[in-house]
Amino acid sequence: MADMRLRVPAALLALLCAAPQAQAQWRFTPEISVSETYSDNPGLQRREDAHGQWITAINPSFDVRYTGPRLQLNGSTQWSYYRYSRDDSGTRSNILQYQGTAKATVIDELLFVDASAGRAPRSLSAFGPQLNDNPYAVANSNEVNTWSVSPYLRRRFGPTADLTARYTIDKVDAGENAVGSSQGNTVDLGLASGSIFRTLGWGLSYRRQEIDADGAGSTSAQNALANLSMRVSRTLSLTATGGYDKYEYDANGGGPTQGSNWSAGFDWTPSSRTRLQLAGGRHFFGNTWDLSAVHRSRRSVWNIQYNDEIVNSRDQFLRSNEADITAMVDAMFRPQIRNPIRRAEAVAAYIQDNGLTNALRGYTPYFANRFIRQKGFNATVVFNGPRADLALAASNNRRTLLTPSGTAPVIPVDGIERIDDNVQLGTLSAIGNYRITPRSSAQASLTFGRSRSLTTDIVDHNQSLRVGLTRQFAQRLSGTLEARHVRGSSDVVGGRKYHENAITAALTMQFTAR
C-alpha cells in the first residue's frame, strides 16, 4: 500500500511534466496570518473549570491551482501554531489541515484518473463541544487523514450509449485513539443512453464496495439499479427506477441485509434557472422520498434537498461538505463571470471572506463507523446585494443504525455507550456581510444546534454568535477584529454546561507567486 501511495503522486507528476507548459496556468498563493485572542474558556471546559488567558496564533498557509491540457490540480494547506499565556490543558498546540484534488487525462476520451487527499479534525460524537465552536479545544475531536485514487474508463459508443467503469481505492485513518483506520475498494459500472434517445432515456449501474476496518472486520455493499426517463414535454420528464441492494457484515450477529427497491417521480425544468426533482418509492428498510429543488436568480440561489439513503461516516469524510457550498455560490456567480478559472477564484474568495464554510454548517459527520439510514433535509439560500450579503441554512437529519451493534468499535461519551447509534440532528445558521466602504466590511453569524439521542433520549444544545470587522489596509494586507460567544449544554451524565467569550485581532498578509 505504501508503494501505491508513492507511485500515484509520481505518475501525476510525470503527467504534469509532460504537459505543454505554454498552455498551462499556474497559481500559487502563500499567506500568513498572525492573531492575538483573549478567551475566558479556550478549552470549552465545564464552567467551574474554565479560566481566561491570552492566545497567540501563527497561521501560515498556501493555495495552489494548476490548469493544463492533461492535468488539473487544486489544493490548500494551513498550519496553525498556538501559544498560551497560562495552562494549555484541554487545548491543542498546533494543527495541520490540507485538502487537495487532482484530475488527469491519461488517454484522450478513454482513460482518466481522479485523486484526492485531506487532513482535518472531526467530531467524535454528536454530543458535546463541536468543531465550529473554537479552533483550540480538543474535547470531542480527533484528526482524520483521508486519501483516494480512482482511475476510470469512459467510452462513448457513438450517439447510442456511454460506458463508465471506475475503480476506487481509499483510506480513512482516524488514529489509534478513535476508531482506527479503514480501507475501501469500490467498483462502479454504468451504462447510459446516448443522445439518440431523445424521448426515452435509460441507464444501468452496478456498485460493489468492500471495507476492511480495524477492530470491525469486513463489510460489503452491492447496489444494482436500472432507471428510465420519458420526456412528456419540453420541460417535464417522468422517471422510474428499480434495483436490488445487499449489505453484509463480518461480525457476530452480522449477516446479509438485502432487498429490492423501486421509485417513481418526475423531473421538471421550467427554465435554465429552476429545476425540481421529486421521487417516491420503497427500499428493504421502508418507504423513501427524494427531493431536489434549485432556483437561481440574479441576486440569490435557493437550494432544498431531502434524501433518504444508507450512508456511513467514512464515505462522508472522503466527501468534503465544502463542495456543496462551492457549487451553490458558483451558481450565483455564473451569470456575472463566464470564465471558469476567474469564477473559481471569485467563489473561493467569497466563501473565505464571508466564512461560509463554518457558518453554513448543517449535518457534520462524526465517528459512527457503520451503515446508517439517514433521512436528511437541508435548505440553503444565499442573497447577494450591491452592498450586503446574507446566507441562511437549515437542516434536520435523522440517523438510525442498520449495522448490528457488534460490527464496529464504540466510543462512549461520558461513560454512555451507543449514544450515537440513533440520533436526530438539527441546525439553523445565518451569516451576514455588509460592505461599509470598498475596503471595510462588517460580518455577523449566528448558529443554533440540537442533538437528540433516540436511544437514550439525551439532548444536547449549542449556540454560537460572532460579530466582526474586516479592513483591507493594502492590496494584500488585511486586518480582522472579531468577538464571539459560544455556549452549550447537555443531558449527559451529571449534566455538562460550557461557555466561551473571546475577542480576536488578526493581521493577514497574502503573497502571489506564479
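Being a predicted model, the structure only gives us computed values, none of them experimental. (Residues numbered from 1 in each chain as written. Predicted model: local features only at pLDDT ≥ 70, side-chain atom pairs only at ≥ 80, totals over all residues. Heavy atoms only, no water.)

For the rest of this paragraph, the subject is the overall build of the protein chain. Check the secondary structure of the protein chain and you find five helices and 22 strands. Taken across its 514 residues, the protein chain has 41% of its residues classed as buried. Look at the contacts in the protein chain between residues 6 or more apart in sequence, and 58% of them connect residues 24 or more apart. Entry remark: accessible area of the protein chain is about 25,700 Å², with carbon and sulfur atoms responsible for 56%. (Helix = DSSP H or I, 4+ residues; strand = E, 2+ residues; numbered from the N terminus. Buried < 20%, exposed > 50% of the residue type's maximum accessible area, 1.4 Å probe, protein only. Contact = heavy atoms within 4.5 Å. Areas by Shrake-Rupley, 256 points an atom, 1.4 Å probe, with all protein chains shown as cover.)

With that settled, consider the side chain of Ser148. As for its position among the elements, Ser148 is in strand E6 (residues 141-157). On the accessibility criterion, Ser148 (13% relative accessible area) is buried. When near neighbours in sequence (up to four residues on either side) are disregarded, Ser148 contacts Asp114, Ala115, Ser116, Thr168, Ile169, Asp170 and Leu318.

As paired strands, strand E5 (residues 111-123) and E6 are joined by 13 bridges and run antiparallel to one another. By the bridge assignment, Asp114 is partnered in E6 with Ser150. Relative to strand E7 (residues 161-173), E6 runs antiparallel, the two sharing eleven bridges. Paired with Arg154 across the bridge in E7 is Thr164. Hairpin connection from E6 to E7: three residues lie between these consecutive antiparallel strands, with Gly158 at a positive phi of about 60°. (Pairing = 2+ DSSP bridges.)

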